[in-house]
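Each chain, letter by letter, is given below.
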Amino acid sequence: MRLSQLMICLAVVTLSLPVLAQTPPDVTDLVGARGAGGETQLLSRGYELRDSNIVGEQRFNFWWKAKNSQCISVATAEGHYVSIQSVPAANCAEASTADQSPSATSSQHSNSLVLICYGAGTRPTVKTEPTYAWDSKEHKWKSRDTVHSSAEGFNGDVQIELYGDHGRIHLSEGLVPPINSGGDHGWWELDDLQVAPEVITAGYRLNGMNKPRLNVDRRSGHITIQGGTSFAGQCDIGNFGGGQRRF
């Protein structure tokens, strides 16, 4: 199979994949809205602001809707809502004591740590564009499609659960390539995990050729992931004070 044909196939596979992180239907119309107007709309729809973080030039606000126990992350850049995504309830500090989700269970472990990280990254993609080329047999210009690789940016989130000497990571849509091992409901096991006083490092296997590495600075909370896709963001859990580790 020629390279161009392979790239076209990959593009088709990408378009057919299910979305792993979705915008709740009651707020889809607010993506692109101005921040002030968006806040008014969120309040009128039963949401209340719970927390806020800044990553690079973007602000991430976390809104909670008690009626359906919905927590959302709203990314704001240049005064507009650029993305709205459903996120774990723990981000809105509303996880029920009866909740037996992985996050709730891990938080009860005597030597566990749960990190929620938000940020942005870039991923490889392919694009098809029409061009014209001279056909020497027909003696005229003819259109054809050309496929070329490029990179696109995305907003995303990562959840990391550590249990002593092992752990796992949950990835949002932008961090999962078209060809992957499937994971376990969006979770991948961490390998070569190192939890030191100042830094956390680990790897995980998305497929035979794609083995990203993550690095978390425990003082600043900054996370980076390097692999087929790059990602940088901020992680938080609980309270932290100046000069101390964030977690």
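Here is a short report on the structure shown in this document. (Residues numbered from 1 in each chain as written. Predicted model: local features only at pLDDT ≥ 70, side-chain atom pairs only at ≥ 80, totals over all residues. Heavy atoms only, no water.)

1. Digging into the overall build of the protein chain
Secondary structure summary: the protein chain contains three helices and 13 strands in total. Taking the contacts inside the protein chain whose residues are at least 6 apart along the sequence as the reference set, 47% of them involve residues at least 24 apart. (Helix = DSSP H or I, 4+ residues; strand = E, 2+ residues; numbered from the N terminus. Contact = heavy atoms within 4.5 Å.)

2. So, the environment of threonine 76
With respect to the secondary-structure elements, threonine 76 resides in strand β3 (residues 70-77). Residues threonine 76 and alanine 33, spaced 43 residues apart in sequence, show a C-alpha to C-alpha distance of 9.5 Å.

3. Some words on the state of the cysteines
By definition, a disulfide is the covalent link that joins the sulfur atoms of two cysteine residues. Following the criterion strictly, the structure yields two disulfides and no others. Between cysteine 71 and cysteine 92 runs a disulfide, and the two sulfur atoms are separated by 2.0 Å. Judged by the sign of its S-S torsion, about 75 degrees, the cystine formed by cysteine 71 and cysteine 92 is right-handed. Taken together, the residues span a long stretch of sequence, with cysteine 71 in strand β3 and cysteine 92 in the loop between β4 (80-87) and α3 (102-107) at a distance of 21 residues. The class for cysteine 71 is buried, based on a relative accessible area of 1%. Each disulfide in the protein chain links cysteines that, numbered along the sequence, combine into the pattern 1-2, 3-4. (Disulfide = S-S within 2.5 Å. Buried < 20%, exposed > 50% of the residue type's maximum accessible area, 1.4 Å probe, protein only.)

4. A word on a nonpolar patch on the surface
Together, Tyr132, Trp134 and Trp141 make up an exposed nonpolar region whose accessible area comes to about 460 Å². As for its placement among the helices and strands, tryptophan 141 is situated in strand β6 (residues 140-163). Residue classification places tryptophan 141 among the exposed positions, given a relative accessible area of 56%. (Patch = residues over 30% accessible without salt bridge, like charges linked within 9 Å, V, L, I, M, F, W, Y side chains within 5 Å. Areas by Shrake-Rupley, 256 points an atom, 1.4 Å probe, with all protein chains shown as cover. Salt bridge = Lys/Arg side-chain N within 4 Å of Asp/Glu carboxyl O.)

5. A word on the side chain of aspartate 135
Turning to its location among the elements, aspartate 135 is positioned in strand β5 (residues 112-135). Looking at aspartate 135, its side chain comes within polar contact range of the main-chain nitrogen of lysine 137, at 2.9 Å. A polar contact is formed between the side chain of aspartate 135 and the backbone nitrogen of glutamate 138, at a distance of 3.1 Å. The residues touching aspartate 135, leaving out its near neighbours within four places in the chain, are Lys140 and Lys142. (Polar contact = N/O pair within 3.5 Å; in protein donor to acceptor, adjacent residues only side chain to side chain.)

None of the figures reported here should be taken as evidence of function without further support.
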